[in-house]
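Secondary and tertiary structure notes
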Amino acid sequence: MIEFNKTTLSANFMDASGKQLKRIQQVRTDPVTLKKCRITPSRTLENERGTERLYPPPKMDMDKKKCPFCPGNLESMTPCLDPKVSEKKRLSYNNSILFPNLFPYTEWSAVSLFDNAHYVEIGSAGIGSYMDSFINCSQYLQLVKKVDPEAIYMSITQNHLPGAGGSLVHPHLQVHATKQISNNHRILEQRAQDYSDQHGSCILTDLLMAEKKIKNRYIGSTGSWEWLAAYAPSGFYEIWGITQTESSLLMPEKTNVWQDLAKGVLNTQKFYKSLNRNAYNLVMLSVENGKNIPCLKVSMTARSSYAPWVRSDFTGFEIASGEMATFTLPEIVTDMARKFWI
């Protein structure tokens, strides 16, 4: 029922000496979204700027006095929750503090800090700090759902360092809820419904079963979460985590699920760190209508490192074609990543 479709193309030309060259590309179709991507393995021969070592942020980013998320600044420099959502100005869960996003993307948009640490190197965060921040996001979304039941399109995201779109190095998650469906929410919702109508099962469950049977993109598990390299990656070194036990982000009481997720996220970060990539994105989507998608998925992608004079990982080709072009085959990504799940 799950189809792994790909087409192989080749470019043929001669080098300066007259030697015949052949460069292979693969066009793959994501079995969940049906979006296409391109993989160009020959580009792994290029030297990627910013990956010769793991770069730290520049000194200007390390000034805690200017960081609105650090102790001493937070109370005066961050906004407060709408009293309709909570009587508290900010939500807290252990050391995590959550408050509205000063520059929101949606009607309900918030920032969830890990803890007081101003900068945490990729792969070195504590499992507990990640878990606390996830749970804080979950309890916020639960409160939002009570005051705005139509805001069912929800997400938890992370932009780690400016290389991934982050404006501050202080570790945090972003959490969103809206009544206006996004492109990716619409695709996921429609595909899940169509697949369920046709096959009577969950598309993510069947994908996971197929990947575990094939084995060459299945990485490992952390409790209820199972991890694999994306068949048709939408970013570099994309890794998915899927749990079959949950379908909603509104579960702050299920600490074991969030803890297992945090473990897998940190394993992925350690893999990215081994590549000298210091920036990444994390994305979780949910449609909180009690239908269609009986699984949760998290996606992580490595981004261009936050380092001097790096090349962007988003080019004119992506803008022109609407297809992401990456360099490394997912099967190779799997082989590289598995050791971080042992």
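Quick note: structure is the one above.
The notes below deal with the structure included here. (Residues numbered from 1 in each chain as written. Predicted model: local features only at pLDDT ≥ 70, side-chain atom pairs only at ≥ 80, totals over all residues. Heavy atoms only, no water.)

1. Description of the layout of surface pockets
- Considering only enclosed or pocket space, the largest pocket measures out at about 1400 Å³ in volume.
- As for the largest pocket, its lining consists of 50 residues, and the residues nearest its centre are Lys 35, Asn 184, Ser 234, Val 283 and Ser 299.
- For the lining of the largest pocket, the elements supplying multiple residues, two or more each, are strand S3 (36–39), strand S7 (153–160), strand S8 (172–178), helix H3 (183–199), strand S11 (236–243), strand S12 (280–287) and strand S13 (296–302).
- Looking at side-chain class alone, the lining of the largest pocket contains 21 nonpolar, 20 polar and nine charged residues.
- Estimated volume of the second largest pocket: approximately 350 Å³.
- If you go around the second largest pocket, you meet 19 residues; those closest to its centre are Phe 69, Asn 101, Phe 103, Ser 167 and Leu 168.
- Of all elements in the fold, only strand S5 (96–100) and S8 reach the threshold of two or more residues within the lining of the second largest pocket. (1 Å grid on protein atoms, 1.4 Å probe; cavity = no way out; pocket = protein on both sides within 12 Å on 5 of 7 lines; lining within 4 Å. Points joined across faces, edges and corners; volume = space filled by probe spheres on them. Helix = DSSP H or I, 4+ residues; strand = E, 2+ residues; numbered from the N terminus. Nonpolar A, V, L, I, M, F, W, Y, C, P; charged D, E, K, R; others polar.)

2. With respect to the pattern of salt bridges
- Scanning the model with the defined rule gives 15 salt bridges in all.
- Overlapping salt bridges bring together Arg 28, Glu 211, Arg 217 and Glu 331 as one network. (Salt bridge = Lys/Arg side-chain N within 4 Å of Asp/Glu carboxyl O.)

3. A short note on the sheet that holds strand S4 (residues 91–93)
- The ten strands lie next to each other as S4-S5-S6-S8-S7-S12-S13-S11-S10-S9, forming an open sheet whose pairing is antiparallel. In the strand order of this sheet, the two ends are held by S4 and strand S9 (218–222), each with one partner. Shown here is a sheet whose adjacent strand axes are inclined to one another by a mean of 20 degrees, direction ignored.
- Where S7 meets S8, five bridges bridge the pair, whose relative direction is antiparallel. Paired with Ile 156 across the strands is Val 175, a residue of S8.
- This element, helix H4 (residues 203–214), spans S9, strand S10 (225–229), S11 and S13 of the sheet and lies at about 65 degrees to S10. (Pairing = 2+ DSSP bridges. Axes fitted to C-alpha atoms, helices over the stretch in contact; angles between N-to-C directions. Contact = heavy atoms within 4.5 Å.)

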